[in-house]
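Listed below, chain by chain, are the residues.
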Amino acid sequence: MLFPWLQLQVPENDVPLTDHILTLITFVPTAGAIVVAFLPRKGRAIQAFTLLVTLATFVLSLHLPAHFNYAQRGFQFQENQPWIASPAIRYHLGVDGLSLWLIVLATFLGPIGVLVSWRAIDTHTKEFYFLFLLQQTAMIGVFAALDLFLYYGFWELSLVPMAILIAMFGPNRGRQAAIKFFLYTFIPSALFLVAILYLYAKAGTFDFAQLQTLLANGDLGIAPHVLSWLSLAFLVAFAVKVPVFPLHGWLSDVIQEAPVAMAMVVAGKLGLYSIFRFNLGLFPAQARAIAPLMIVLAVIGILYGALVALAQTDMKRLIAYSILGNLSFCILGIFCFAIAGLNGAVFQTLNEGLTGSALLVLVSFLYERYRTYDMSLYGGLAARLPMLATLFVVTSLALIGLPLFNGFVGEFLVLSGSFPVHPAWVAAATTGVILSASYMLWMVQRIFYGKQSSLVLNRPAFDLNFREHITLWPMAILMLTMGVLSPYWIKGIQSGILQFPIDVTQTTVVAQRHAHGFVSTHMLPAPTPADAQKLMGGVQ
Amino acid sequence: MHLALFIIFAGLCVAGALNLLLQRHPINSALSLIVVMSSLAVLYLLLGAEFLAAAQVIVYSGAIMVLFTFVIMLLNAGKEERTHGSKLAYVAGFPGAAALLGLLTFIFLSHSSDYGNARLGEYLATTSDLSRVLFTDLLLPFEVTSVLILIAILGAVALARKEH
Amino acid sequence: MVPIAYYLVLSAVLFSIGVAAFLIKRNIITVFMSIELMLNGVNLAFIAFSRQWSQVHHQLQVNGQIFVFFVMVVAAAEAAVGLAIIIAVFRARNTLNVDHVDLMKL
Amino acid sequence: MNDALYILPEIALTFSGIIVMLADATMPKSADRKPLGWLAALGTLAALAASLWQYQLPPGTAYYGVVQTDAFSVFFHVLIAGILLASVLITLDAVTPETEGLGELFALMQFGAVGMMLMSSAVELLLVFVALEISSISTYIMAGYRRKSGKSPESALKYFLLGSFATAFFLYGIALIFGATGTTRISAIAAAVSHAVAGNHLSPLLTIGLAMVIIGLGFKVSAAPFHVWTPDVYEGAPSPVVALMSTGPKAAAFAVLLRIAYGALPQLHDHWVPILWWLAVLSMTIGNLGALRQRNIKRMLAYSSIAHAGYILVAFTALSSEGIAAASFYAVSYAAMNVGIFAIISHTGGYDDHITLIDDYRGLAYASPVLAASMAFFLISLIGIPFTGGFFGKFYVFSAALHSGMIWLTIIGLINSGIAAFYYLRVVAALYSEPTGPAPVLGVSRPSFPLLLAVFLTAAATLVLGIVPGNVLSAARAAAQIYASSSIR
Amino acid sequence: MTTDLHLWLIPLVPLAGFLVNGLLGRKAPKPVVTAVALIGALIPMLQVSAIVTKFSSLTLPHIENLGTWITAGSFHADFSFQLDQLTLVMLCVITGVGFLIHLYSVGYMAEEEGYWRFFAYMNLFLFFMLTLVLAENFLLMFVGWEGVGLASYLLIGFWFQRDSAANAGKKAFIVNRIGDFGFLLAMFLLIAHLGTLSFTRVFGQIGAHPAWQGGFLTAVALFLVLGATGKSAQIPLYVWLPDAMEGPTPVSALIHAATMVTAGVYMIARAHVIFDRSPFALSTVAIIGVATAFFAATIGLVQTDIKRVLAYSTISQLGYMFLACGVAAYSAGIFHLVTHAFFKALLFLAAGSVIHALSGEQDMRAMGGLRKKIPITFWTMTAAVLAISGAPPLAGFVSKDEILYQTFLTSKLLWSIGLLTAGLTSFYMFRLWYLTFFGESRAHTAAAHHEEDLAAVHARSDTKVVLETEHAAHPVHESPWVMLGPLVILAILSVIGGFMGWPEAFGGSNWFSRFLDPVVATGNAAPAGDSHLEFLLALVSIAVAFFGWLTAHILYYAKPALPARLATQLRVFYSLLKNKYWVDEIYGVLIVGPILFIARWVLGVLIDRGVIDGGTLTAGYTAQGFGALVARIQSGNIRSYAGWLAFFAALLLAVSYFGWTSHFYLR
């Protein structure tokens, strides 16, 4: 074995602060925010302190993978106290393989966010970092909460700092973008709340685990059509946040207007995680019913995102659409219900969070130097900023899924896992790898290659400084590590995936039927009601 | 006899009310309102509410209407000009008022048997009858009205006081 | 003898005329008067009803009448305040026409 | 004498009101009237203490069963006392020494509060009527208090005329109920009605009487379609007064509505539930849609208060003690955030409302971060973001409604709250965007101590209601318990 | 017995070289960079030779597993390397030729400021290429597959300041991606049906089920072919290779002649088990191969840029290898791969040396008469030309004839086309030879005649030289020995390389194919042809090659005026070939254009702006409209308000009196 330490397993039961680690991780940022509110506006005290807090959070969060018991199913590091007597709301946190790495990702992006905002945010620093830390808490909370009410709390809370910061710091159309984003996500969340309340009315509890068992056993006596409406309410709310193809109207504007630290976290993981946790966790049957539609949307999203990205001249918009494309891969992986696909979907979620952020950071560094996101004004930068160029290319390669980078592992798992289920659609999705290469390389060429543009010549060129180095390198290294040592992550993810009622090894299923050539349509996920079939049209 | 009286004074009431409606000068309206109130006092009497009949004359057609006329004089309000500030009042309000009238009348008449008939001289409510209830059962409301009146005075002073 | 229903109808008539007057009259004072008219209508209803219940219970019921008494008190208070407000409005806007008192809208 | 304990808060307020009044009269003309405000605040504190003290009073009626002091009425007593306290503090910040009639103003506030408190504890419709008039008339006057501007008297006039108009309906309603039942005691009415229902000779007077009462109270709580007065009056009235009258009388009126609906006429629920259902839907929709287009922040908040009245009405339709509790709780959380936001508005806009347009609020964050932050917080609570009172109130209300199967009402309501987010958010966005040109908002003065106190209290309340609502919830549930016998579930 | 050969060192050493040079090279002094790079290329070579020595003692295939790379559910792919005859051959070629070219580059790139970058990339390429051939499963192979694509992208775009170079790099990568798309789908199919990608398991399972014919195997094979056409520049995906000549010449030699482009052939040979089960796929490969061979050769006839001629010749030769695989003569294909690696690398390096000598001139019309001036280059080049045009007994002759012979056994038609192509090959190679080395130097005249062409050429030629041509060009000079050394070695190999597989027909033993047989021996053995036939065919092809030389001699030596006249007479053909059949243009119009149009206008503007943003706005405005409607109630007039109240009061009363309420709400 080349990497024996990969197999390391820490079977510890009485580790210090294991009992309250989640509370710590979740609320250290809040505490930090409160302190920030009283720090002097002058100087860099606020930045430094916030950096400290986020780093502390990150370090704390590393406790989770270190002491996570990968063999054991279900939730770990649980905290479960009554919060409000009636309605019966509990303060219930917990982590399983699904949320494990997402939490770490969220905390990892914390310091990055601070570093990238270090100079970019020079007015209203107090407000910015206050809300930034609040946002951290909200995100971590979403991943950790196991009480539907608590979850919804964090879910909604995550909107506010985002919206306000976009409004405050959006260069030109901030207010519109903020309001657009807020309404896009808030109105579906209202229906989502209806669904939650309905469940509560029926079940009398918000506790995820209890609801799961109750629903699984059909103890609630909810009519099937009602169930599918409920799951739809959940799904739409999440799909908007991801975003899934027709619901992405807010994405490009927000990415364009939001401060980078926020743009990094606005899309993807929250929504996708929620789809996993709730649509697959609570409504598996309904998820299967809607799957055909979702798969079509995912494939459309992949191609659509890539193609539209191809047509952009603004870096941030291009990145926005590429994000749309990459996230659609996750949707595809989720709704094919293949074990590899699901693993890939989670892994791809991590990738997107990492690579997309790195890309945004890079363009923001370009912006800090040349004050524009318009690619047509750039050119030949590679000669002047070799380091930045190198890291940019590395990130691009990770994003277009070059083997040995994280992106490849995710895409490969998703596609190879999903392929047996919907060969035609997955094949279509696979063309995405061509398109993504096209737009990324084109972007690289337009910015870094060719003759040096007047803009580039007129500005003094200074390559990455220390702060920028320590911002970028961790991400770059992580991209490679995740690409090479993926099992280390997968083993956690898979332990979370296996809880879902999926016909575990799709591939072997196929193996039995290899005799008659192509996988045939009765590979489709279990019974799909007529309505979904109709929506599907000609997929089969 | 009772009916005759009722008809006369009810007629007076309605006539006064309509006159209030039709007159364009506030004074005339005020005077016709006084007519309405006084004739109502008679009707109260017919229903055996002596005390209230008196109070009606004293408080209403006395104090309150005097106050009105006083203010009218004070602000020497002239004939009101027929401005047309509101269509809604006609297109929605009148049908509303009419419907109100129709509905109530319909209800009262269709169940008239439930209410029985009033004969003269029965169930006369003397002042002592009222005061007995007023100072036992309804003592607190009676006391509380003092606050009300206090407010009224304060308010009148505060609002009508001359600005400096 | 007169059916109490007649009294009630009369009260309804007065009340409705009051409403109508409120809608028609332009002069604020007159509008206020029409409110008084409505209140009188209500008073009549109260007295009629208290008479009715006296007959039902075969003994005098004065609650209704006392209610009227309170209405009168309140009306007096209202009149004082209302007219004060009217004066204030007249001072501020120099008009008594309701249609001209529509600064705030939409 | 023991009876007096049952109206102790009212007595306290009345006396402190009278003291303020007399002190005002005795003070020299030129003297600064602000201390009177502190005096009033003191009296209010006393009333607050008294109301809290009343919790350990054995629930029961007093004065020949005219008032009933129980968990329900005490709940509202405390609420109203709190609102009054905050409003007094706000007024202290807003007014200047040369604001005329200051003494009367403070006295009026307290007398008005007496009325409101009595409304919540009265179980005799006559007393309800008188109390209602007390609170209404005092608010009429206060609305017209800024006599220099043309708007204030106009708003007073509108409020007064339409208010009396509605009161007439309310009164007629009482008359009809009296006609149908022969009594004006809540309990007696309930008994008579159940007797009538049992004997199946339900008088039609009862139903239309109920309808008329609902009209009258609907007007007071500014529920659509009886909301028309609200925006104009809020716009014209002085902001500190709006803080009081947008919450206090409303809470009291809701208390009365609860008393009549659940206490007196629970049997008629299949009459009034649909009515309130419609009122709720109309209020939420009209309120939110109307607010979308407003440029004046006070008008916008007026519309929003209509919408919030709608949310509270949703809880009524739940027809369960949970619903009552939800309504009561919502009243509290709404009071907290609304008073809070009006505190900031009255400071920013001043007693003379020189800043009222939403666009004028652009860049408040530059002038005073504290004010901007807290205003944003209140707005967020009004939107209904979790961990604020606003959210928990909504959550509780709708969960109650849904629990009794009001699925459509819930959907409509929550979609409405989604729309509502738009106009609240517009203000938040304005607060934090660059001020344009020589914005008057930049000249906003530093908030005085009483204002900060008021903002702190309301903000703290909003936060507590959002995060640890336990105590208030149990209080609300206890309040609801008194209808456990009558209410349906 | 399992001796641990530490195969993983072979690719990882160059990787280390890449990291060192890539991270520190910019600051490091040149000699250090050189040393690191050469070591990075040398150590693998030494290790390979070490392996060669003890090869006979190994149990093959020899597999080393380094642990899991990707795993999910039942599927997992490992970092596992495998060594067998085929791998060994590839290893020898890659490390050997690779090292030589590294050496050569030291001289060729001497004056580059991007020196360190260049060698970093070269080492990176070695890493990926070695991974590709060492991989034990398709997935790891794909790593190398994409990786070499990346390396070639970086190296083609080495002079990134030049748009043409940047474009060429991008084009290469994207076209290759199209191929990779096929490769991916093939892998998905394998996973779906067999649940693994490991060579041993996949081929084992297929071997275990003789029943499987065609079916999904055909699909897999065809997708693999798509991948191969991308990497090995076959129709329809060959278009990137000519542009790839934008890169420095050593790159063209190493990547675009000797090694990377042959990956497709290697892959087909490696996966032959799958192809053997699918006659259809095989014939597809054969047809693609022969078509490409012929088609590219024709284009090669009229090209004037020396590197482009070689590029098209490479494509054409690759076609031969495909042809070989297509007729299931995998060993022949690999054999040609090897020999081609020798002489084509040599050709490029020699051409590089020529260009070097002429200070960057690449247009043959501006060359000529170099025979005397750069003799060593001339002679080595001569050897290469003879080898490629199939002059016995040189390497090219042997391998090509092997292919033609095997083809003949399968299909006369393919054979005849192949033969014709052989003729064309020898023609355009000698054309190049004559134009470059014989006659008078045409430098100045050419400049006079082909102004615009030259401009184009210069735009293309290496920057360092563009800089120099601005001031007076160097006098023609022979290259330094660090460059000539590799030339000589490769020349020798091209001459004697053939004897590895000297056919029985000429008394040889065809050692090479026998050596490979354990790996690539097809179950259905090719019809054992008699040696006379083979001998006969050999003579025919020699004749054809000779004829090709003769034409070239006449046209470009004896009667130099003739070509121009021919060109005018056969104007149509001439321009057709000159413009490479306008394939690039056609692709542009039929594929790229529409995609861009759809992306920008249909999706970007119509859908995204129009429908999606538009929808959002409309929703917003509708809500606002209702808001305005509501506000209309607020006329500000008291009487209106009263009217409103009265109306709804009446309505409410009526409703509640007649008990309509209960019907009018949704519960």
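This is a predicted model, so every value here is computed, not measured.

**Here we look at the pairing of strand S2 (residues 89-95) of chain A**
Residues and elements named next belong to chain A.
No. 1: In terms of residue burial, S2 counts as a mostly covered element, since 6 of its 7 residues are buried.
No. 2: Two elements, strand S1 (residues 76-84) and S2, share 6 bridges in a ladder whose sense is antiparallel. Of the residues in S2, the one forming a bridge with Asn80 is His92.
No. 3: Linking S1 back to S2 in an antiparallel pair, the connection comprises 4 residues.

**What to know about a nonpolar patch on the surface**
No. 1: Taken together, the side chains of E:Trp582, E:Ile586, E:Val589, E:Leu590, E:Ile591, E:Val592, E:Ile595 and E:Leu596 define a hydrophobic patch exposed on the protein surface, amounting to about 710 Å² of accessible area.
No. 2: With respect to the helices and strands, the residue E:Ile595 is situated in helix H27 (residues 583-633).

**So, the nonpolar core**
Taken as a class, soluble globular proteins show a tendency for nonpolar side chains to be buried jointly.
No. 1: Of all hydrophobic cores here, the largest spans 793 residues; its most connected members are A:Phe335 and E:Phe138.
No. 2: Setting aside residues up to four positions removed in sequence, E:Phe138 forms contacts with E:Phe183, E:Met187, E:Leu190, E:Leu197, E:Phe199, E:Val202, E:Phe203, E:Leu224, E:Ala271 and E:Ile274.

**Observations concerning the interface of chain A and chain D**
Where the parts come together, the accessible area they lose is often given as the size of the interface.
No. 1: Residue-level contacts link 34 residues of chain A with 40 residues of chain D.
No. 2: Taken together, both faces of the contact between chain A and chain D bury some 3200 Å²; the carbon and sulfur share is 83%.
No. 3: Counting the surface chain A buries against chain D, the share from its top three residues, A:Arg175, A:Ile179 and A:Leu197, is 18%.
No. 4: Viewed at the interface, chain D and chain A are joined by 0 salt bridges.
No. 5: Summed over the shared surface of chain A and chain D, the result is 1 residue pair in polar contact (both at pLDDT 80 or more).
No. 6: Contributing elements (two or more residues each) for the side of chain A that touches chain D: S1, helix H5 (148-157), helix H6 (159-169) and helix H7 (174-203) of chain A.
No. 7: Of all the elements, H7(A) adds the most residues to the side of chain A that touches chain D, at 14 residues.
No. 8: In the side of chain A that touches chain D, the residues fall into 27 nonpolar, 3 polar and 4 charged.

**Digging into helix H15 (residues 321-349) of chain D**
Residues and elements named next belong to chain D.
No. 1: The end-to-end C-alpha distance of H15, which contains 29 residues, comes to 41 Å, matching closely the 42 Å that a straight helix rising 1.5 Å per residue would cover.
No. 2: Across the 29 residues that make up H15, a large majority, 28, are buried.
No. 3: Residue Gly350 follows H15 closely and has a positive phi angle near 75°.

**Observations concerning the interface of chain B and chain C**
No. 1: If you look at the interface, chain B gives 86 residues, while chain C gives 73 residues.
No. 2: It is B:Leu47, B:Phe68 and B:Tyr123 that lose the most area in chain B upon contact with chain C, and together they represent 10% of the buried surface on that side.
No. 3: One can count 21 residue pairs in polar contact (both at pLDDT 80 or more) joining chain B with chain C.
No. 4: Here the residues of the side of chain B that touches chain C sort into 60 nonpolar, 16 polar and 10 charged.
No. 5: For strand S1 (residues 117-118) of chain B and strand S1 (residues 2-3) of chain C, the ladder comprises 2 bridges, and the chain directions are antiparallel. Bridged to B:Asn117 within S1(C) is C:Pro3.

**Points about the confidence of the model for chain B**
No. 1: Mean pLDDT for chain B: 90, with 99% of residues reaching 70 or above.
No. 2: The secondary-structure element of chain B with the lowest mean pLDDT is helix H5 (residues 112-115) of chain B, recorded at 84, while helix H2 (residues 26-46) of chain B shows the highest, at 94.

**Structural notes on the arrangement of the chains**
No. 1: Looking at the 8 pairs of chains with contacts, the pair that accumulates the most is chains B and C.
No. 2: Across all C-alpha pairs, the smallest distance from chain A to chain B is 35 Å, and the two are not in contact.
No. 3: At their nearest point, the C-alpha atoms of chain A and chain C are still 24 Å apart, with no contact between the two.

**Side note on the packing of helix H1 (residues 9-24) of chain E against helix H2 (residues 30-53) of chain E**
A pair of packed helices is captured by two measures, namely the crossing angle of their axes and the spacing between those axes.
All names here are of chain E.
No. 1: At a closest axis distance of 9 Å, the pairing of H1 and H2 adopts a crossing angle of 180°. Here H2 runs roughly antiparallel to H1, going by the angle between their axes. Contacts between H1 and H2 pair Leu9, Ile10, Val13, Pro14, Gly17, Val20 and Asn21 from the former with Val33, Val36, Ala37, Ile39, Gly40, Ile43, Pro44, Gln47, Val48 and Ile51 from the latter.

**Some points on the packing of helix H17 (residues 406-418) of chain A against helix H18 (residues 423-448) of chain A**
Residues and elements named next belong to chain A.
No. 1: Following both chains from N to C, one finds H17 and H18 inclined at 160°, their axes separated by 10 Å at the closest point. Between H17 and H18, the angle is such that the two are roughly antiparallel. Note that H17 runs across H18; the crossing there is left-handed. Two secondary-structure elements touch here, H17 through Glu411, Leu415 and Ser418 and H18 through Val426, Ala429, Thr430 and Val433.
No. 2: Looking at side-chain class alone, the contact of H17 with H18 contains 4 nonpolar, 2 polar and 1 charged residues.

**A closer look at the side chain of D:Thr44**
No. 1: Structurally, the position occupied by D:Thr44 is in helix H3 (residues 34-54).
No. 2: Those residues within four positions of D:Thr44 in sequence are excluded, and the remaining contacts are D:Leu13, D:Ala81, D:Leu84, D:Leu85, D:Val88 and D:Gln110.

**Remarks on the pattern of salt bridges**
No. 1: On inspection of all chains with the given rule, the structure shows 38 salt bridges over all chains.
No. 2: Two residues, D:Glu104 and B:Arg161, come together in a salt bridge whose shortest N-O distance is 2.6 Å. With D:Glu104 in helix H5 (residues 102-121) and B:Arg161 in the segment after helix H7 (139-160), the pair connects residues from two separate chains.
No. 3: Look at B:Arg161 and you get partly exposed, because its relative accessible area is 23%.
No. 4: With a shortest N-O distance of 3.5 Å, D:Lys148 and D:Glu100 are connected by a salt bridge. Here D:Lys148, found in the loop between helix H6 (125-143) and helix H7 (151-181), pairs with D:Glu100, found in the loop between helix H4 (71-94) and H5; they are 48 residues apart in sequence, far enough to count as distant.
No. 5: A cluster of three or more residues bridged by salt bridges with shared partners is formed by C:Arg93, D:Lys151, D:Glu154, D:Lys158, D:Asp232, D:Glu235 and D:Arg299.

**Some thoughts on unusual backbone geometry**
No. 1: A cis amide bond links D:Ala224 to the next residue, D:Pro225, at an omega of 0°.
No. 2: Phi at A:Leu404 takes a positive value of approximately 75°, unusual for a residue other than glycine.
No. 3: For A:Leu404, a relative accessible area of 13% translates into the label buried.
No. 4: Residues other than glycine seldom take positive phi values, yet E:Ala233 does so here, at roughly 55°.
No. 5: When you line up the elements, E:Ala233 lands in the loop between helix H8 (216-231) and helix H9 (240-243).
No. 6: Residue E:Ala233 is classed as buried on the basis of its relative accessible area of 0%.

Conventions we followed
- The written sequence of each chain sets the order in which its residues are numbered from 1.
- Here chains are named by letter from A upward and ligands by number from 1 upward, in the order in which they appear as written.
- With pLDDT at 70 or above as the cut-off, local features in this predicted model cover only qualifying residues; side-chain atom pairs require 80 or more to be listed or tallied, and sums for whole chains, interfaces and linings still use all residues.
- Only hydrogens and water are set aside; all other atoms, that is, all heavy atoms of the structure, feed into the side-chain values.
- Note on exposure labels: buried denotes an accessible area under 20% of the residue type's maximum, exposed denotes more than 50%, and partly exposed covers the range between, all computed with a 1.4 Å probe on protein chains only.
- Put simply, DSSP marks the helices as runs of H or I at least four residues long and the strands as runs of E at least two long, and each gets a number from the N terminus on.
- Following DSSP output, two strands are said to pair if at least two bridges run between them.
- Two distance rules govern patches: like charges are joined within 9 Å, and nonpolar side chains (Val, Leu, Ile, Met, Phe, Trp, Tyr) within 5 Å, applied only to residues with over 30% relative accessible area and no salt bridge.
- Where accessible areas are quoted, they stem from the Shrake-Rupley method and a 1.4 Å probe; at the residue level, only the protein chains shown are allowed to cover.
- Note on definitions: salt bridges are taken to be side-chain nitrogens of Lys or Arg within 4 Å of carboxyl oxygens of Asp or Glu.
- Side-chain atoms within 4.5 Å are what join buried Ala, Val, Leu, Ile, Met, Phe, Trp, Tyr and Cys residues into a set we call a nonpolar core.
- Here, two residues are considered to be in contact whenever any of their heavy atoms come within 4.5 Å of each other.
- Accessible surface is computed with a 1.4 Å probe, and the buried area is the amount of it that two parts give up when combined, taken over both parts together.
- Pairs of N or O atoms are called polar contacts if they sit within 3.5 Å, as long as, within protein, a hydrogen donor faces a hydrogen acceptor (for residues adjacent in sequence, only side-chain-to-side-chain pairs).
- Any residue outside Ala, Val, Leu, Ile, Met, Phe, Trp, Tyr, Cys, Pro, Asp, Glu, Lys and Arg is labelled polar, Gly included; the first ten of those are nonpolar and the last four are charged.
- Here the expected span of a helix is defined as 1.5 Å times the quantity of residues minus one.
- Per-residue confidence from the predictor is reported as pLDDT, which spans 0 to 100.
- Every angle, taken between N-to-C directions, lies between 0 and 180 degrees, and every axis is a line fitted to C-alpha atoms, over only the stretch in contact when it is a helix.
- An angle counts as roughly parallel when it lies under 35 degrees, as roughly antiparallel when it exceeds 145, as roughly perpendicular when it falls between 65 and 115, and as oblique in every other case.
- Crossing handedness follows the turn of the near helix against the far one: under a right angle anticlockwise gives a left-handed crossing, and clockwise gives a right-handed one.

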